[in-house]
Amino acid sequence: MAAPSSLFRGGRLFDGRGFVDATDLRVDADGRIAAIGSGLEAQPGEQVVDLDGAWLLPGLVDCHVHFREPGLVRKEGYLTGSAGALHGGVTTVLEIQNNPPLMESLELLQEKMRGLVGVSHVDFAPYGSLTEAALPQLATMAGRVPAVKCFLGCSTGAGGVDDEPTMRRLFSAAAAAGIKIVAHCEDNAIMQAAAAAASADQAVRHDLMRPRSSEVQSIRDALRVADEVGADLHVFHISTAEGGRLVAEARAAGRAVSGTTAPHYLLVTAEEAHAAAHNRFKVNPSIKYAEDRDGLRALVADGLLQGIGTDHAPHPLEEKDRPYAKAPSGFPSIDLLLPLTVAIADESGMPLEAALAAVTALPAEEFGLTSKGRLAVGADADLVIADPDEVRTVDEISLPSKSKWSPYHGRRLRAFPRAVWLRGHQVYADGAVSGDPRGRPLY
Ligand SMILES: [Zn+2]
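To keep things clear, this report deals only with the structure shown in the data block.

The rules behind each value
- Residues numbered from 1 in each chain as written.
- Predicted model: local features only at pLDDT ≥ 70, side-chain atom pairs only at ≥ 80, totals over all residues.
- Heavy atoms only, no water.
- Helix = DSSP H or I, 4+ residues; strand = E, 2+ residues; numbered from the N terminus.
- Buried < 20%, exposed > 50% of the residue type's maximum accessible area, 1.4 Å probe, protein only.
- Polar contact = N/O pair within 3.5 Å; in protein donor to acceptor, adjacent residues only side chain to side chain.
- Contact = heavy atoms within 4.5 Å.
- Pairing = 2+ DSSP bridges.
- Salt bridge = Lys/Arg side-chain N within 4 Å of Asp/Glu carboxyl O.

### Quick look at the side chain of Asp123
The residue Asp123 is located in strand β8 (residues 123-126) in this model. Relative accessible area serves as the criterion here: at 2%, Asp123 is assigned to the buried category. Engagement of the side chain of Asp123 in a polar contact is seen with the side chain of Arg423, the distance being 2.7 Å. Sequence-distant contacts of Asp123, defined by excluding residues within four places in its chain, comprise Thr91, Thr92, Val93, Lys372, Leu422, Arg423, Arg438, Gly439, Arg440 and Leu442.

So, in structure tokens, the structure goes:
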């Protein structure tokens, strides 16, 4: 069903890289952007949306979420997770299945995607899983997934690669199949040594149990092995300034290397995370220190990382409320991506354009999504209207994703999305999803 054509007038338009004041944008009946310019005249029968200076942004691209479907929908699911995405201004998710069944074949990926049509409110693509079992299947995944996910270091309880021969075999196979690798980088041996040496007081500090050196060493090893075998490597959720700089330097040297960080590494310190109740900020990699936060902010400000992904990883609060060692890692955050991104710019002083590019154009380019993450003629009309001056206090119960708790509860944030369009259809307005789920698989 085609949407009527629509004209958005008088907005402050962010095109994925920069702002353009007082600009109009037309969406055609096929849900694509047909024109951008000032003084566009309404056509007969056209729906007109007056923006009165509000922001008009491309739908955000979250390149790192866990929606836990299939297999663990008691914790989340695409219906609730994608409703949370719209609340956060996100219209495209790249999603990692980190609970069984892992995405170790094209058949499993296709079965998963078929099950999500009519369920997801946003466009979506699951990553493949880079495991030993997936190796014979990798060639069939090429071009059908954004990348394949490799866990270097244990994170989810599902194991993880902790020896270099295995890493080399997996990376070689991905390189041979021509598929980008996305990696969780933490070194198991360093984490085990930290745990063995910790006093009782230290053993409840997540930043000490998963120390800075575990990420830095793992990134060094992954960069070296990727270089040796000719693999295209993307490091996810970088939590240390040194790790971020290693990735940026390798990229600057012309290597096929890239990386993203996450909002919490840009907004929160280890001390604040430790003080939070219910292990709410317990996440892997652990949240590090002010100098890591500041170093990562500088890399994002300079466009030297390829984006910010939430790592939305929901768990029921009663599980997070267990004693530290038994509480699962990860927390929900996709519901707040746009306001958190604006807070990163506000608190760091980085240009707003740099922060917004990190959740729009940069991740779209990184994962080859040419019709997403930007406002340009021919791109999908995935649009977000937000009032930059409206400040709200985060109320965790009101968030649409399943958990109904947030480590950001009580924070004052601005620029919550007021309305969202997906390929020309309005799908969200004033806090509520509108219409049936329209999300489509990408790739
Ligand atoms: Zn993750």
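Anyway, onward from the coordinates.
### Side note on the pairing of strand β1 (residues 6-14)
Of the strand pairs in this sheet, β1 and strand β4 (residues 47-50) are connected by four bridges, and their pairing is parallel. If you follow Arg9 over to β4, its bridge partner there is Asp50. Here six bridges tie β1 to strand β2 (residues 19-27), and the two strands are oriented antiparallel to one another. Across the sheet, the residue bridging to Ser6 is Val27, located in β2. In this antiparallel pair of consecutive strands, β1 and β2, the connection spans four residues, and Gly16 shows a positive phi of 115°. In this structure, β1 lies alongside strand β5 (residues 55-58), joined through two bridges in parallel fashion. Bridge pairing in β5 links Leu13 to Leu56.

### Focus: the pattern of salt bridges
Following the criterion strictly, the structure yields 32 salt bridges and no others. Ionic pairing is found between Glu228 and Arg224, a salt bridge with its closest N-O pair at 3.8 Å. You can see Glu228 and its partner Arg224 sitting in helix α7 (residues 212-229), four residues apart, about one turn around the helix. Residue Glu228 is classed as partly exposed on the basis of its relative accessible area of 47%. Classification of Arg224 by relative accessible area gives partly exposed; the value is 35%. With its nearest N and O atoms 3.7 Å apart, the salt bridge here joins Asp294 to Arg297. Here Asp294 and its partner Arg297 are both found in helix α11 (residues 290-301), three residues apart, which amounts to about one turn of the helix. Using a relative accessible area of 36% as the deciding quantity, one classes Asp294 as partly exposed. Given the relative accessible area of 10%, Arg297 is considered buried.

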